[in-house]
Amino acid sequence: MGAKGEETRARLIAATRALIEAQGYFGTGLNQVLAESGAPRGSLYFHFPAGKDQLVTAALTEAGLEISGLIDTFTRDKLSAGVIVRRLLDAFGDRMEGSGYTKGCPIATVALEVAGGNEELRKACAEAYDNWQQALAAQLVAEGRTPEAADVAAGAVLAQFEGALLLARVRHSRTPLDQAARATQLLLTSS
């Protein structure tokens, strides 16, 4: 595939990411994706012959890798797990505010809609969450926790993080993110 094909594919994925995060899986139609991306219909089916689920899977995978990349960057910068979570919450809060609270977690909106009925998309969401939890757990092990304790703490932090994003989006307020950051500090300093 040439550069133009890769560019078209990237535009389709970017448009899908934006739309599914703001409107969800069921609220996003392929005609919207085409209009938003500026791609011709034939390109959609060339790059994603299996249709919408294949496109949404690619969008979820890319979004998950983007957050994993942020975590990796913060880890390489030798930041503690608590500081990493604070920076992630700040980054999500900034983009949430910037979008007028139409965006939150790039995975959660779809995860809540499809977890019980679409195995392909459920697996893509689970993989993203698993990668984030494993990255946080690895940092906690590097900070001296046992692997089991690190996994438990990372799971609790991730659940708290996702809950805070949901509450912040619903309340149109950063307060839940600030509370989650403080609670994370307490959790990570007490374990």
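Residues numbered from 1 in each chain as written. Predicted model: local features only at pLDDT ≥ 70, side-chain atom pairs only at ≥ 80, totals over all residues. Heavy atoms only, no water.

Chemist: Go over the pattern of salt bridges, please, and point to the residues and values.
Modeler: Scanning the entire structure with this criterion turns up 10 salt bridges. Among the salt bridges present, the one from Arg-95 reaches Glu-21, with a minimum N-O distance of 2.7 Å. On the criterion of sequence distance, the pair formed by Arg-95 in helix α5 (residues 81–98) and Glu-21 in helix α1 (residues 3–23) is long-range, its members being 74 residues apart. Since its relative accessible area comes to 3%, Glu-21 is described here as buried. A salt bridge links Asp-178 to Arg-86; its shortest N-O distance comes to 3.0 Å. With Asp-178 in helix α9 (residues 175–190) and Arg-86 in helix α5, this residue pair connects regions lying 92 residues apart in the sequence. Residue Asp-178 is classed as partly exposed on the basis of its relative accessible area, which comes to 27%. (Salt bridge = Lys/Arg side-chain N within 4 Å of Asp/Glu carboxyl O. Helix = DSSP H or I, 4+ residues; strand = E, 2+ residues; numbered from the N terminus. Buried < 20%, exposed > 50% of the residue type's maximum accessible area, 1.4 Å probe, protein only.)

Chemist: I'd like to hear about the UniProt feature "domain: HTH tetR-type" (unreviewed entry) in the protein, residue by residue, with values.
Modeler: Here the UniProt feature "domain: HTH tetR-type" (unreviewed entry) sits at residues 6–66. This span, residues 6–66, is 79% helix and 0% strand, and a straight line between its end C-alpha atoms measures 18 Å. (UniProt positions renumbered as here; feature names shortened; annotations may be inferred.)

Chemist: Before we move on, can you summarise the UniProt feature "DNA-binding region" (unreviewed entry) in the protein with the specific residues and values?
Modeler: According to UniProt, the positions carrying the feature "DNA-binding region" (unreviewed entry) are residues 29–48. In this annotation, residues 29–48 is assigned 75% helix and 0% strand; the end-to-end C-alpha distance for the span is 14 Å.

Chemist: Quick one: what's the story with the packing of helix α8 (residues 147–171) against α9, residue by residue and with numbers?
Modeler: The relative placement of two packed helices comes down to the angle between their axes together with the axis-to-axis distance. The N-to-C vectors of α8 and α9 enclose an angle of 165°; their axes lie 8 Å apart at closest approach. Considering the angle they form, α8 stands roughly antiparallel to α9. The chirality of how α8 crosses α9 is right-handed. Listed contacts from α9 to Ala-153, Ala-156, Val-157, Gln-160, Ala-164, Leu-165, Leu-167, Ala-168 and Arg-171 of α8 are Pro-176, Leu-177, Ala-180, Ala-183, Thr-184, Leu-187 and Leu-188. (Axes fitted to C-alpha atoms, helices over the stretch in contact; angles between N-to-C directions. Parallel < 35°, antiparallel > 145°, perpendicular 65-115°, else oblique. Left-handed = near helix turned anticlockwise from the far one by under 90°. Contact = heavy atoms within 4.5 Å.)

Chemist: Could you give an account of α8, with specific residues and numbers?
Modeler: The terminal C-alpha atoms of α8, which comprises 25 residues, lie 36 Å apart, in line with the 36 Å expected from a rise of 1.5 Å per residue. Those residues of α8 that fall on the buried side of the exposure criterion are Ala-150, Ala-153, Ala-154, Gly-155, Val-157, Leu-158, Phe-161, Glu-162, Ala-164, Leu-165, Ala-168 and Arg-169. Buried-residue contacts for α8 involve α1, α5, α6 (108–114), α7 (119–142) and α9. (Expected span 1.5 Å × (residues − 1).)

Chemist: Can you tell me about the packing of aromatic side chains, naming the residues and giving the values?
Modeler: Taken as a whole and assessed by the stated rule, the structure comprises three aromatic pairs. Look at Tyr-25 and Phe-26: their rings are 5.0 Å apart centre to centre, the planes differ by 80°, and that puts the pair in the edge-to-face class. What makes Tyr-25 buried here is its relative accessible area of 10%. With 5.3 Å between their ring centres and 80° between their planes, Phe-92 and Phe-161 make a pair best called edge-to-face. Separated by 69 residues along the polypeptide, Phe-92 in helix α5 and Phe-161 in helix α8 bring together distant segments of the chain. Neither Phe-92 nor Phe-161 differs from the other in exposure class; each is buried. Looking at Lys-52, its charged tip hangs above the ring of Tyr-25, at a distance of 4.2 Å from the centre. (Phe/Tyr/Trp six-rings, centres within 6.5 Å; stacked < 30°, edge-to-face > 60°. Lys NZ or Arg CZ within 6 Å of the ring centre and 35° of its normal.)

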